[in-house]
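Below, each chain spelled out in residue letters.
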Amino acid sequence: MSSENKLVSLTKYIMTLPPTRISLFSMVFLSFIIGCIAFLLAPSPNDSILYSIVYGGSTGFLIFGLMSIMGGGLTQPMVNSFKGRHMKMKQSMFLALASMMIVGVIYLIGSVVSVFTVNNYVLNALIFGCVIAFAFRTLVIWGTSNISLLKSVVISVVQPALILSMLVVISFLTSVTTNMGDFSIIAIVGKIVIASVILVIAIYSFVAVIESPMRKNLGVGGLELLSLALAHITEGSPAMETLFEDIGEPIDTLTGIFSFKGKNGVKAIFLSPCVHPGPLGNIGGGNMPTILSSKFDVFTMVSHGPSTHDFNPVASKEITKIEKVVKEALNDMNYSESASKFFRVENEGAVIGAQYFDKNLLMLATFAPGGFDDIDFGVGLALMNLAKASCEAQNVVLVDCHNSFKGEGGRVLPGNKEVFELMGAVEKLKSPEQENGIKVGCSSDPLDSVSKEDGVGQSGIKVMVIEVGAQKTAYILLDSNNMVIGFRDVILEKVKTLGLDYAEVMTTDTHFVNTMSGGHNPVGTKMQDEIIDAILKCTKEALNDLEDVSVGCKVANIKDIKTFGPLNATELVTTISSIVAVSRIFAPLVFLLALLFVFIWIFYGTFSI
């Protein structure tokens, strides 16, 4: 498995947290159950079962439930007051619930062991549980909130301290008995302080080790990157762009531009920028197809030009550089009414759909029905230059159709056999006779009924039908990150029933749909029928919208657009992948050793309880 695939696989651990009310109800219910079980395990001879249930449950709620709810209520404003990543109440309450369950489960284990032994381990088990909960809270808060370790420790102490405080109050100020026996507050505090110090040292050591490669290689902290990533996923925060700007580098690249001018001016624009729409969500170029198309007041299709994650813009503001180049090209473009009919060539697994517009060539590259992913810019540039030389084209615009999902392992990089298959296909291109008279019809549907979780971004579906002579060809663009294998063929079969001669389905490769668990989210995994119906509707509307046009083309240079860069993108992925690999070995070693010391200290330490 590649480093990229290993990294993407980690996103399966991203989960949607329950609403605050669910966490609250769970803490009330589970704490009552924990108290009932603990009292029923060691009932007093004079107490009935009903008494054990009522008083045990009530005591459990007061110690575990009420104090955890208070802890959760205090954690959120404390984190936010330190100006770290904004924490929502549902996050704070879920953390409180998880921490309560750690304490409660260990407390119950101590209660069960105490029933079958001569010693009472209940209080020590509760202390052990509180210390582990403290360490867990420290690791989570420090790792996700972008605040210092000391501040995280202060916040993390609150919930365990409240639990132990309520225990003291119930034991000394009421007549309700517990199953913990007599104890010394000084001894409890002594054990807790030393055990907590041991775990904080372990946490600091672990984080220092895993953060070192990131800081050394990229100059940024791993915890900072993690907290900013979570801020984007949970809040849509763009703060991660600041970090990417620090590690990014400027590059020069290309964008292909076709402009179709009708009786009322420019009717449609077709773009193929060699800039990758990533890394995810609204970060960088993640939503580039929608952002860029919205910059023009006419129908605009932003297809996927040859590019990989190396060419991810570091910030969404970099997209304005593409916009500027396109607008300058549109103001200085020669138009023609001459075009060829659409045709396809194949070479082994490579398929190229082609159409000439005067001396300008548009190539749509795919390996469908075989799987593939991004075509590297260097490969695309070589194919464009080869087509220029062999076809005597003035401008060549290459589109990576990105329509048959294979994952990161399907990228077409220099040296791959797929490169030579594409080159062989380009060499088969012959310039056919061109005819005068071009008609274009356009239609779009934002597909509001299909969410990004279903694989479709904000631009939905766009269809452009081009008629040359008697031939009609549909260019269908889905605002999606690739397409499940086979879905393209299903779409093509359906649209051909509308009287089309040819059609091609493309995706924008938007990473706006990639913020959920699992990383990749190709279109076609869900709601295929709804998507096909919308495509058919748009195609019919585009056929009805046909009108005479002239067409112009340019391949323009985009200068100094700041992207991840080939070295930094690879280093970022490789470094994170290495950190994960090291953590799987180092984390169990450090934390198991620390927990062993803490266990021995609490249960067999010198303080007498």
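Residues numbered from 1 in each chain as written. Predicted model: local features only at pLDDT ≥ 70, side-chain atom pairs only at ≥ 80, totals over all residues. Heavy atoms only, no water.

## Some remarks on the overall build of the chain
Filter applied, for reference: Secondary structure elements follow DSSP: runs of H or I no shorter than four residues count as helices, runs of E no shorter than two count as strands, and numbering proceeds from the N terminus. Only protein chains enter the accessibility calculation, which uses a 1.4 Å probe; a residue whose area is less than 20% of its type maximum is buried, one above 50% is exposed, and one in between is partly exposed. Contacts: residue pairs with any heavy atoms within 4.5 Å of one another. Per-residue and other accessible areas were derived by the Shrake-Rupley procedure at a 1.4 Å probe size, with only the shown protein chains allowed to occlude residues.
Within the chain one finds 16 helices and 17 strands. Relative to its full complement of 609 residues, the chain shows a buried share of 55%. Within the chain, counting contacts between residues at least 6 apart in sequence, those at least 24 apart form 79% of the total. In the form shown here, the chain has an accessible surface area of approximately 25,000 Å², with 60% of it arising from carbon and sulfur atoms.

## Notes on the packing of aromatic side chains
What describes a pair of aromatic rings is the distance from one ring centre to the other and the angle between the planes of the rings. Definition in use: We call Phe, Tyr and Trp rings a pair once their centres come within 6.5 Å, taking the six-membered ring for Trp, and we label the pair stacked below 30 degrees between planes, edge-to-face above 60, and tilted otherwise. Two limits define a charge over a ring: the Lys NZ or Arg CZ must be within 6 Å of the ring centre, and within 35 degrees of the ring normal.
Per the counting criterion, the structure on display carries 18 aromatic pairs. Judged by centre distance (6.1 Å) and plane angle (45 degrees), the ring pair of Y121 and F603 falls under tilted. Of this pair, Y121 sits in the loop between helix 4 (89-115) and helix 5 (122-145) while F603 sits in helix 16 (residues 566-604); the two residues are 482 residues apart in sequence, bridging distant segments of the chain. Each ring, one from F270 and one from Y475, has its centre 6.2 Å from the other, and the planes form 65 degrees; the classification is edge-to-face. On the criterion of sequence distance, the pair formed by F270 in strand 2 (residues 265-273) and Y475 in strand 15 (residues 471-478) is long-range, its members being 205 residues apart. A connected cluster of aromatic rings, assembled from ring pairs, spans Y121, F128, F599, F603 and Y604. For K261, the ring lying beneath its charged end belongs to Y335, and the centroid distance is 4.2 Å. K452 extends its terminal NZ or CZ atom over the ring of F512, reaching a point 4.8 Å from the ring centre.

## Overview of the packing of helix 3 (residues 49-81) against helix 4
Heads up, the condition is: Axis definition: a line fitted to C-alpha atoms, limited for helices to the stretch in contact. Angles are taken between N-to-C directions and run from 0 to 180 degrees. Each crossing gets its hand from how the near helix is turned against the far one by less than a right angle, where anticlockwise is left-handed and clockwise is right-handed. When residues are grouped by polarity, Ala, Val, Leu, Ile, Met, Phe, Trp, Tyr, Cys and Pro land in nonpolar, Asp, Glu, Lys and Arg in charged, and all others, Gly among them, in polar.
Packing of helix 3 against helix 4 leaves a shortest axis separation of 8 Å and a crossing angle of 145 degrees. Handedness of the crossing formed by helix 3 with helix 4: right-handed. When helix 3 is examined against helix 4, the residues F64, G65, S68, I69, G72, G73, T75 and Q76 are found in contact with a partner set consisting of M89, S92, M93, A96, M100, V103, G104 and Y107. Each residue belonging to the contact of helix 3 with helix 4 can be placed in one class, and the counts come to 8 nonpolar, 8 polar and no charged.

## Digging into the side chain of S114
Inspection of the secondary structure puts S114 in helix 4. Other than its neighbours up to four places away in sequence, S114 contacts N119, N120, Y121 and V122.

## Observations concerning the nonpolar core
For the record, the criterion: Nonpolar cores were defined as sets of buried Ala, Val, Leu, Ile, Met, Phe, Trp, Tyr and Cys residues, with membership established by side-chain atoms within 4.5 Å.
Formed by 58 residues in total, the largest nonpolar core has its most connected members in F64, Y107, L126, I163 and I602. Among the secondary structure elements, those contributing two or more residues to this core are helix 2 (20-41), helix 3, helix 4, helix 5, helix 6 (149-173), helix 7 (185-218) and helix 16. The dominant element in this core, judged by the number of residues it contributes, is helix 5, at 13 residues. Core analysis: the second largest hydrophobic core is formed by 49 residues, V275, V326, A350 and L361 among them.

## Details of the pairing of strand 14 (residues 461-468)
Inclusion rule: Strands are treated as partners if at least two bridges between them are detected by DSSP.
In terms of burial, strand 14 is a largely internal element, 8 of the 8 residues being buried. Every second residue of strand 14 is oriented toward a common face, with I461, V463, V465 and E467 on one face and K462, M464, I466 and V468 on the other, all of them buried. Across 8 bridges, the pairing between strand 14 and strand 15 is antiparallel. Within strand 15, the residue paired with V463 across the bridge is I476. Adjacent in sequence and paired antiparallel, strand 14 and strand 15 are bridged by 2 residues, among which G469 carries a positive phi angle near 65 degrees.

## Considerations on empty space enclosed by the protein
Put simply, the rule reads: Only protein atoms enter the 1 Å grid used here, on which a cavity is any set of points holding a 1.4 Å probe that cannot leave and a pocket is any open set flanked by protein within 12 Å on both sides along at least five of seven lines; residues with an atom within 4 Å of a point are listed as lining. Grid points are joined across faces, edges and corners, and a volume is the space filled by probe spheres set on the points.
Applying the stated rule across the entire model yields 4 cavities of 30 Å³ or more. Of the pockets and cavities examined, the largest cavity occupies roughly 60 Å³. Lining of the largest cavity is provided by P289, S293, T300, M301, V302, S459, G460, K462, L477, L478, D479 and T508. Broken down by secondary-structure element, the contributors of at least two residues to the lining of the largest cavity are helix 10 (288-293), strand 5 (299-302) and strand 15. Counting residues per element, the lining of the largest cavity draws most heavily on strand 5, at 3 residues. Of the residues assigned to the lining of the largest cavity, the class counts are 5 nonpolar, 5 polar and 2 charged.

## Here's the deal with helix 14 (residues 487-495)
Note the threshold: Regarding the arc, it is the one traced by the directions from the helix axis to the C-beta atoms.
Among all positions of helix 14, only F487, R488, I491, L492 and V495 are buried. Viewed end-on, helix 14 has its buried residues packed into an arc of 135 degrees, placing them on one side of the element. Next to the buried residues of helix 14 lie strand 8 (343-347), strand 10 (360-366), strand 15, strand 16 (502-507) and helix 15 (528-544).

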